[in-house]
Amino acid sequence: MKNKKLDLFLNYIKSFEFSIFVVTLIVIIVPILVIGTIFLNVSTSKYYNNRLEEYKSNNIMLKNNIISSGYLDKKESEAVNAQINLLSNEFDARIQIIDTACIIREDSKSEDIGNTSISKNVFKALKGEDVMEENKDLEYIEFSIPLVATITTVEEGSIKKTVGVLCTNYSTANISNYRSDVRRVVYIAFALGAIFALVVAFICAKFFARPIKRVGEIIKDVKHRRGVENLDEIKDYTEVKQILSDFNTMIDNFYAEQKKRDDFVSNVSHELKTPITSMKVLADSLVGAEGAPEEMYQEFLVDISNEIERESQIINDLLELVNTENVENEINISQVNINDVLESVLKTVKPIAEEKNIEVVYESFRPIIADVDELKFARVVTNLVENAIKYNQVDGTVTVSLNADHQYFYFKVQDTGIGIPEEDQDRVFERFFRVDKARARETGGSGLGLAITKEIVKRHHGSIGVHSKEEEGTTFTVRIPLKYIEE
Ligand code: ADP
């Protein structure tokens, strides 16, 4: 039970719907996060810089007032006191004026007047350095600014001299508060954005995964062997219709292949059964004919032997066809003298040709060496020439011609025989196809010769064609590349 739930969950994670969900979520949430973070940083740093500028200009104004009013000598200045009051109230600042002996001469909180300051920043400022120090934990920025006055002495004339230090300490709590406020707004925006992203991602996932689910549902409903019916009536995306149409093509091809196999098996069974039936009839006749003359036995046994011969030829041809068709069976390619092969085949078939007084003419236009499987190629030539003799008239002619261009060699087997009816010309390469079924028994062919021939030519990446006219003759043309093309 637990495993089933886990499987369902894992399946969902691997689903297209979930991928769309995640991608949409990322596409929406990442920009929201980036924009929110940039907004937070830019707005707080702008606020911080503005405050800093304000503090610095306050400092300059106060410093100038202190120096111009000679505050450290007179110890009193209405304007300076008023400004110190204003800054400490308005900016929550603490302001101290320290003399060169580090004695605190003025303190906005009055607590430390008369005390000695031992701050290292004051020492630095007394040496003429402008110091700014920020403490983020305690939330303040402290400035220590040297008060430089122009002093005129008899000995040295007018010289610039540090006469004290102005210390201003501004609370930065307002900056932190501002940052917290902006952050709160950004977090709320993040939360709303996340909710929005979840809703949109959910809708997108459902919407975009729907066509795929629909394809699945339609295919699931398909009845045995029929594919998707009424495809034209389905109103859907072009892609969905394309997938369904491809699915239909696949189903058609699948069943066409299956039918071809079934037909082949039933043809094979039929072809193998025919000689066996004949043998059974012949044998039964002998069994039933008690005391039959010896000549009859002799004659019937010769017939039985012929049937056995026929059966074994069918089986051999079948094995050869299946072997040639199986691409895993290598073919033995070598450089072969094609003229020699043709001449040797013609020599072997000569006696059969002579039986019907058929003249065999050989025309070779050039010597040709090509990459072929010699035995298989010889089988092609033998099949075509034997057929040209078998289906020829008495006193006919068989012309075999050989030629080549720079890529292919061609050979033609032309006869003056009975020809093939036009409607059967495409079918002669089918297994067990014979134009004249009754005559086939006389000629004794298995009906597999041309199927084997075509298969061998195909394995050499060549082509075979037939041209025929009834009662005039037939020409088979074979074209094979001179160089074997590796698969
Ligand atoms: P078969 O063993 O019957 O000769 P093939 O596959 O070689 O088988 O040939 C198939 C059929 O094609 C033959 O039965 C015959 O009807 C026809 N055929 C083949 N070659 C010729 C030809 N040269 N002239 C006329 N018909 C032919």
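Residues numbered from 1 in each chain as written. Predicted model: local features only at pLDDT ≥ 70, side-chain atom pairs only at ≥ 80, totals over all residues. Heavy atoms only, no water.

Peer 1: Just give me the short version of the site of the ligand, but keep the residues and values in it.
Peer 2: Neighbouring the ligand are 19 residues, the closest being Asn 387, Tyr 391, Asp 415, Val 435 and Leu 450. Between the ligand and Lys 390, the relevant distance is 3.2 Å, taken from an oxygen atom to a side-chain nitrogen or oxygen of the residue. In this structure, an oxygen atom belonging to the ligand sits 3.1 Å away from a main-chain N or O atom of Ser 446. Burial of the ligand by the surrounding chains reaches 96%, relative to a free accessible area of 520 Å². Looking at the shell around the ligand, the elements with two or more residues in it are helix 10 (374-390), helix 12 (449-459) and strand 12 (473-481). Tallying contributions element by element places helix 10 first for the shell around the ligand, with three residues. Taken together, the residues of the shell around the ligand break down into nine nonpolar, seven polar and three charged. (Near = heavy atom within 4 Å. Polar contact = N/O pair within 3.5 Å; in protein donor to acceptor, adjacent residues only side chain to side chain. Areas by Shrake-Rupley, 256 points an atom, 1.4 Å probe, with all protein chains shown as cover. Helix = DSSP H or I, 4+ residues; strand = E, 2+ residues; numbered from the N terminus. Nonpolar A, V, L, I, M, F, W, Y, C, P; charged D, E, K, R; others polar.)

Peer 1: So what's going on with the pairing of strand 3 (residues 131-135)? Residues and values would help.
Peer 2: Walk down a regular strand and you will see the side chains alternate between the two sheet faces. Sheet analysis places strand 3 next to strand 4 (residues 140-153), joined by five bridges and oriented antiparallel. Each residue of the ladder has a partner; that of Glu 134, found in strand 4, is Ile 141. Linkage of strand 3 to strand 4, two consecutive antiparallel strands, is achieved through a turn of four residues, within which Glu 139 is found at a positive phi near 55°. (Pairing = 2+ DSSP bridges.)

Peer 1: How would you explain the packing of aromatic side chains if you had to name every residue and give the values?
Peer 2: In the structure shown here, the tally under the stated rule is 14 aromatic pairs. Each ring, one from Tyr 55 and one from Phe 91, has its centre 6.1 Å from the other, and the planes form 85°; the classification is edge-to-face. Of this pair, Tyr 55 sits in helix 2 (residues 16-69) while Phe 91 sits in the loop between helix 4 (78-90) and strand 1 (93-99), and the two are 36 residues apart along the sequence. Across the pair, Phe 91 and Tyr 55 agree in class, each one buried. It is Arg 51 that lies over the ring of Tyr 47; its NZ or CZ is 4.6 Å from the centre. Seen from the ring of Phe 264, Arg 431 lies directly overhead, with NZ or CZ sitting 4.4 Å from the centre. (Phe/Tyr/Trp six-rings, centres within 6.5 Å; stacked < 30°, edge-to-face > 60°. Buried < 20%, exposed > 50% of the residue type's maximum accessible area, 1.4 Å probe, protein only. Lys NZ or Arg CZ within 6 Å of the ring centre and 35° of its normal.)

Peer 1: Summarise a nonpolar patch on the surface; cite the residues concerned and give the values.
Peer 2: On the surface, a cluster of nonpolar side chains totalling about 610 Å² of accessible area is made up of Ile 188, Leu 192, Ile 195, Val 199, Phe 202 and Ile 203. Along the chain, Ile 188 falls in helix 6 (residues 173-220). (Patch = residues over 30% accessible without salt bridge, like charges linked within 9 Å, V, L, I, M, F, W, Y side chains within 5 Å. Salt bridge = Lys/Arg side-chain N within 4 Å of Asp/Glu carboxyl O.)

Peer 1: Tell me what's going on with the pattern of salt bridges, and back it up with residues and numbers.
Peer 2: All told, the structure shown has 21 salt bridges when counted by the stated rule. Put simply, Arg 94 and Asp 107 hold a salt bridge, and the shortest N to O gap is 2.7 Å. Taken together, the positions of Arg 94 in strand 1 and Asp 107 in strand 2 (residues 104-107) put the pair 13 residues apart, joining distant regions of the chain. Classification of Arg 94 as partly exposed rests on a relative accessible area of 22%. For the salt bridge of Glu 307 with Arg 310, the shortest nitrogen-to-oxygen distance reads 4.0 Å. Here Glu 307 pairs with Arg 310, and both are found in helix 8 (residues 294-325), just three residues apart, close to one helical turn. Connected through salt bridges with shared partners, the residues Arg 94, Asp 107, Glu 111 and Asp 112 form a single ionic network.

Peer 1: Describe the sheet that holds strand 11 (residues 463-469), with residues and values.
Peer 2: Read across the open sheet, the five strands follow the order 7-9-10-12-11; overall the sheet is mixed. One side of each edge strand has no neighbouring strand; the edge strands of this open sheet are strand 7 (359-364) and strand 11. This sheet shows a mean twist of 10° between the axes of neighbouring strands, independent of strand direction. Its contacts with the sheet place helix 9 (residues 338-355) against strand 7, strand 9 (397-404) and strand 10 (408-415), and it is angled at close to 175° to strand 7. (Axes fitted to C-alpha atoms, helices over the stretch in contact; angles between N-to-C directions. Contact = heavy atoms within 4.5 Å.)

Peer 1: So what about the packing of helix 9 against helix 10? Which residues, and what values?
Peer 2: Packed helices, taken two at a time, are described by their axes: the angle between them and the distance between them. Relative orientation of the contacting elements helix 9 and helix 10 amounts to 40°, with a least axis distance of 10 Å. Our classification of the angle between helix 9 and helix 10 gives oblique. For the pair helix 9 and helix 10, the sense of crossing is right-handed. Taking contact as the criterion, the partners of Ile 338, Val 341, Leu 342, Val 345, Leu 346, Val 349, Ile 352 and Ala 353 in helix 9 are, on helix 10, Glu 374, Phe 377, Ala 378, Val 381, Thr 382, Val 385, Glu 386 and Ile 389. When the residues that make up the contact of helix 9 with helix 10 are grouped by side-chain class, the tally is 13 nonpolar, one polar and two charged. (Parallel < 35°, antiparallel > 145°, perpendicular 65-115°, else oblique. Left-handed = near helix turned anticlockwise from the far one by under 90°.)

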